[in-house]
Amino acid sequence: MIQTGVETVKRGMAQMQKGGVIMDVINAEQAKIAEAAGATAVMALERVPSDIRKAGGVARMADPRIVEEVMNAVSIPVMAKARIGHVVEARILESMGVDYIDESEVLTPADEEYHLLKSTYNVPFVCGCRDLGEAARRIGEGAAMLRTKGEPGTGNIVEAVRHLRQVNAQVHQVVNLPKDELMTMAKNIGAPFDVLLQIQEVGHLPVVNFAAGGIATPADAALMMELGADGVFVGSGIFKSSNPEKFAKAIVQATTYYQDYELIANLSKELGTPMKGLDITSMPFEERMQERGW
Amino acid sequence: MKIGVVALQGAVTEHLTALSELGAEAIPVKEANQLRELDGLVLPGGESTAIRRLMDAAQLREHLQLFSREKPVFGTCAGLILLAKEVIAEEAHIGTMNVVVERNSFGRQIDSFITDVTVQERKIPAVFIRAPHIQSVGNNVEVLATVGDRIVLARDGHLLGCAFHPELTEDRYIFELFLEMVKKSASARLASHENVL
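Residues numbered from 1 in each chain as written. Chains lettered and ligands numbered in written order. Predicted model: local features only at pLDDT ≥ 70, side-chain atom pairs only at ≥ 80, totals over all residues. Heavy atoms only, no water.

K.L.:
Would you mind showing me how to read the overall build of chain A here?
P.N.:
The helix and strand tally for chain A stands at 13 helices and nine strands. Relative to a compact globule of 294 residues, whose C-alpha radius of gyration would be 19 Å, chain A shows 18 Å and is just as compact. Within chain A, the proportion of its 294 residues that are buried is 60%. Within chain A, contacts between residues separated by at least 24 positions form 67% of all contacts whose residues are at least 6 apart in sequence. Working note: accessible area of chain A is about 11600 Å², and carbon and sulfur atoms make up 50% of it. Computing the positive centroid from 29 side-chain charges and the negative centroid from 38, chain A places the two 2 Å apart. (Helix = DSSP H or I, 4+ residues; strand = E, 2+ residues; numbered from the N terminus. Rg over C-alpha atoms; globule rule 2.2 N^0.38 Å. Buried < 20%, exposed > 50% of the residue type's maximum accessible area, 1.4 Å probe, protein only. Contact = heavy atoms within 4.5 Å. Areas by Shrake-Rupley, 256 points an atom, 1.4 Å probe, with all protein chains shown as cover. Lys, Arg positive; Asp, Glu negative; His and termini not counted. Charge placed at Lys NZ, Arg CZ, Asp CG, Glu CD.)

K.L.:
Please clarify how a nonpolar patch on the surface should be interpreted in this entry.
P.N.:
Among the surface-exposed residues, Val87, Val88 and Ile92 of chain A lie close enough to one another that they form a single nonpolar patch of about 230 Å² accessible area. Tracing the backbone through its elements, the reader meets Val88 of chain A in helix α5 (residues 87-96). (Patch = residues over 30% accessible without salt bridge, like charges linked within 9 Å, V, L, I, M, F, W, Y side chains within 5 Å. Salt bridge = Lys/Arg side-chain N within 4 Å of Asp/Glu carboxyl O.)

K.L.:
Would you mind showing me how to read the UniProt feature "domain: PdxS/SNZ N-terminal" (unreviewed entry) in chain A here?
P.N.:
Summarizing the sequence annotation, UniProt attributes the feature "domain: PdxS/SNZ N-terminal" (unreviewed entry) to residues 8-212 of chain A in the numbering used throughout. Helix makes up 45% of residues 8-212 of chain A and strand 16%, with an end-to-end C-alpha separation of 24 Å. (UniProt positions renumbered as here; feature names shortened; annotations may be inferred.)

K.L.:
Looking at this structure, I do not really get the UniProt feature "binding site: L-glutamine" (unreviewed entry) in chain B. What am I missing?
P.N.:
Residue and element names in this part refer to chain B. In the numbering used here, UniProt assigns the "binding site: L-glutamine" (unreviewed entry) feature to Gly46, Glu47, Ser48, Arg103, Ile129 and Arg130. Taking the farthest pair of C-alpha atoms as the criterion, the annotated set spanning 85 residues converges on one region, since that pair is 12.6 Å apart. Along the chain, the position of Glu47 falls in the loop between β3 (40-43) and α2 (48-57). On the accessibility criterion, Glu47 (7% relative accessible area) is buried.

K.L.:
It is not clear to me how the nonpolar core should be interpreted in this structure. Could you clarify?
P.N.:
One finds Met224 of chain A together with Met55, Val117, Phe128 and Phe164 of chain B to be the most contacted residues of the largest nonpolar core, which totals 123 residues. When neighbours within four sequence positions are excluded, Phe164 of chain B is seen to be in contact with Thr76, Cys77, Val117, Ile124, Ala126, Val127, Phe128, Val152, Leu153 and Ile174 of chain B. One finds Ile22 and Val126 of chain A together with Ile114 and Leu168 of chain B within the second-largest nonpolar core, a separate group that totals 22 residues. (Core = buried A, V, L, I, M, F, W, Y, C linked by side-chain atoms within 4.5 Å.)

K.L.:
Explain helix α8 (residues 182-189) of chain A to me, please; I cannot follow it from the model alone.
P.N.:
Since the α-helix packs 3.6 residues into each turn, any two residues three or four apart lie on the same face. Residues and elements named next belong to chain A. Three or more residues of α8 are buried, namely Leu182, Met185, Ala186 and Ile189. Burial along α8 is one-sided: seen end-on, the buried residues are contained in an arc of 105°. Seen from the open side of α8, the exposed residues pointing more than 90 degrees away from its buried face are Lys187 and Asn188. Against α6 (132-141), α7 (158-176) and α9 (193-202) lie the buried residues of α8. Trailing α8 by a residue or two, Gly190 shows a phi angle of about 65°, which is positive. (Arc of directions from axis to C-beta.)

K.L.:
Please explain the packing of aromatic side chains as it appears in this structure.
P.N.:
For the coordinates displayed, the defined rule picks out eight aromatic pairs over all chains. Ring geometry for Tyr121 of chain A and Phe125 of chain A: centres 5.0 Å apart, planes at 75°, overall edge-to-face. For the residue pair Tyr121 of chain A and Phe125 of chain A, the accessibility class agrees, reading buried in each case. With a centroid separation of 4.6 Å and 10° between ring planes, the pair formed by Phe113 of chain B and Phe128 of chain B is classed as stacked. Of this pair, Phe113 of chain B sits in strand β7 (residues 113-119) while Phe128 of chain B sits in strand β8 (residues 122-128); the two residues are 15 residues apart in sequence, bridging distant segments of the chain. Aromatic rings pair up to connect Phe106, Phe113, Phe128 and Phe164 of chain B into one cluster. Across from the ring centre of Trp294 of chain A, 5.0 Å away, lies the NZ or CZ of Arg138 of chain A, which sits over that ring. For the cation-ring pair, Arg150 of chain B lies above Phe106 of chain B, with the distance from its terminal atom to the ring centre recorded as 4.8 Å. (Phe/Tyr/Trp six-rings, centres within 6.5 Å; stacked < 30°, edge-to-face > 60°. Lys NZ or Arg CZ within 6 Å of the ring centre and 35° of its normal.)

K.L.:
What's the story with the sheet that holds β7 of chain B in this structure? I'm lost.
P.N.:
Adjacent strands of a sheet form backbone hydrogen bonds with each other and so pair up, either parallel or antiparallel. In space, the three strands of this open sheet follow the order β1(A)-β7(B)-β8(B), with antiparallel pairing throughout. Sheet topology places β1 (3-4) of chain A together with β8 of chain B at the edges, where each strand pairs with a single neighbour. Here β7 of chain B pairs with β8 of chain B via seven bridges, running antiparallel. Residue pairing for β8 of chain B: Ile114 of chain B is matched across the bridge by Val127 of chain B. (Pairing = 2+ DSSP bridges.)

K.L.:
Teacher, can you tell me more about the state of the cysteines here?
P.N.:
Structurally, a disulfide amounts to a covalent bond that connects the sulfur atoms of two cysteines. Inspection of every chain in the model, using the stated rule, returns zero disulfides over all chains. No disulfide involves Cys127 of chain A; its nearest neighbouring cysteine sulfur is the one of Cys129 of chain A, lying 9.0 Å away. The class of Cys127 of chain A is buried, set by a relative accessible area of 1%. Cysteine Cys77 of chain B shares no disulfide, and the gap to the nearest cysteine sulfur, in Cys162 of chain B, comes to 8.7 Å. (Disulfide = S-S within 2.5 Å.)

K.L.:
Looking at this model, I keep getting lost on the environment of Phe193 of chain A. Mind explaining?
P.N.:
One can find Phe193 of chain A in helix α9. Distance from Phe193 of chain A to Glu151 of chain A, taken between C-alpha atoms, is 28 Å for residues 42 residues apart in sequence.

K.L.:
What should I look at first to understand the interface of chain A and chain B in this one?
P.N.:
Many authors give the size of an interface as the accessible area that is lost as the parts come together. Contact residues are listed per partner, giving 37 residues for chain A and 34 residues for chain B. When chain A packs against chain B, the two sides together hide about 2800 Å² of surface, and 56% of this comes from carbon and sulfur. Of all residues in chain A, Met16, Lys18 and Tyr257 of chain A bury the most surface against chain B, accounting for 23% of the area lost on that side. Seen at the junction of chain A and chain B, the total is three salt bridges. Among the salt bridges present, the one from Asp99 of chain A reaches Arg130 of chain B, with a minimum N-O distance of 3.1 Å. Here chain A is connected to chain B by 20 residue pairs in polar contact (both at pLDDT 80 or more). Elements that contribute at least two residues to the side of chain A that touches chain B include exactly β1, α1 (7-15), α2 (28-37) and α12 (244-256) of chain A. By residue number, the principal contributor to the side of chain A that touches chain B is α1 of chain A, which donates six residues. In the side of chain A that touches chain B, the residues fall into 16 nonpolar, 16 polar and five charged. (Buried area = accessible area lost by both parts, 1.4 Å probe. Polar contact = N/O pair within 3.5 Å; in protein donor to acceptor, adjacent residues only side chain to side chain. Nonpolar A, V, L, I, M, F, W, Y, C, P; charged D, E, K, R; others polar.)

Below, the structure is given as structure tokens:
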């Protein structure tokens, strides 16, 4: 019997992405640059997060034409974003055969109360998280991959670091917690009990967890790997830099050899200007994408 | 037995875990100078194009070609693609295993599946993720498993190529098969060495 859309197959696809870099692209040409640089997947978008920030208004699923163009241009997996809770955008992307859907806070949420029930789809989902409670809720809904949220489109790594450290510290806590204290922890962080139980049994998150939201340089990517990310998403960091091809290659190398500091030094030499960064402390609360979703 | 797992990108830890469970000493390999001490090598699943770029950047290709001519190598999914002598519509990479492989031949992720395959009369679970298949095999290559009419596991002497992911299930049969090949190859090398002496 052949079974599609089962958990092992959805989570397994993310496991094949480990140690890799997933790059945001807005057309076929960028997708090809990403593939040639060694990206493990591309995220097809209408605008990268920093441009979404600038444009303001409501950010929606990309024009299916762009997604299709990217799918036809490369042989690596293609991901695309749907708005949080937008059942129809997700079903449209699934029907087009995209390889992974990102239920993403980068787009304007369609539902402020409910996320998608991702276990009911054949296509796997990746979701953002800032702490273990959020991570466990998304796993409970059927996410097959996680990414820490960071603050998208800022080129500022500080939130990505905060979120990854937070998730990992709480995983560590769960693994070392006496079993009779686990239910109280589940209550306190709003996590499904069975997900925490599973984490305690296997000693780590049951799905792959990438870092995202603010990675702008090879050193940023290596930092997230050092802190225990399984891989990285780079949004605006590549195609908003002065030399996307060089940046893409350097970030791929730095992710694989994240502890080879001499190499990262060489990769970083004369790389050109990274994307312009944003200070998050001066950002109005309502502009923080990480606050979207719960 | 010391087995390396090429650790540039992909499902590296899953292979290390499976090999350690069976009593092998398993180490991640990122550089050519680590190959010398190994009895066998695993090319794990991942994105074959990404792994290929990283191998080129590290100038690993020739070293892996030399290694695979001499010692056992087990390629899963992307690893099989890299090992194959011919890849449809693409340039071959390491190219030492006498098979022709087609990439993404079962479709996109939405078509990825799990099923049972029969290997040497034993039924094992097999996870296929945007998987390739072996379109044809050269002389003396043993076909070990098929799905429908597609070859998904084959052995060319001391090279083992697998289109699915045994590292994603609990069943360790394919790993046992590979470690058996490593043992055999090591004792054969030892015997020929003694003959020379």
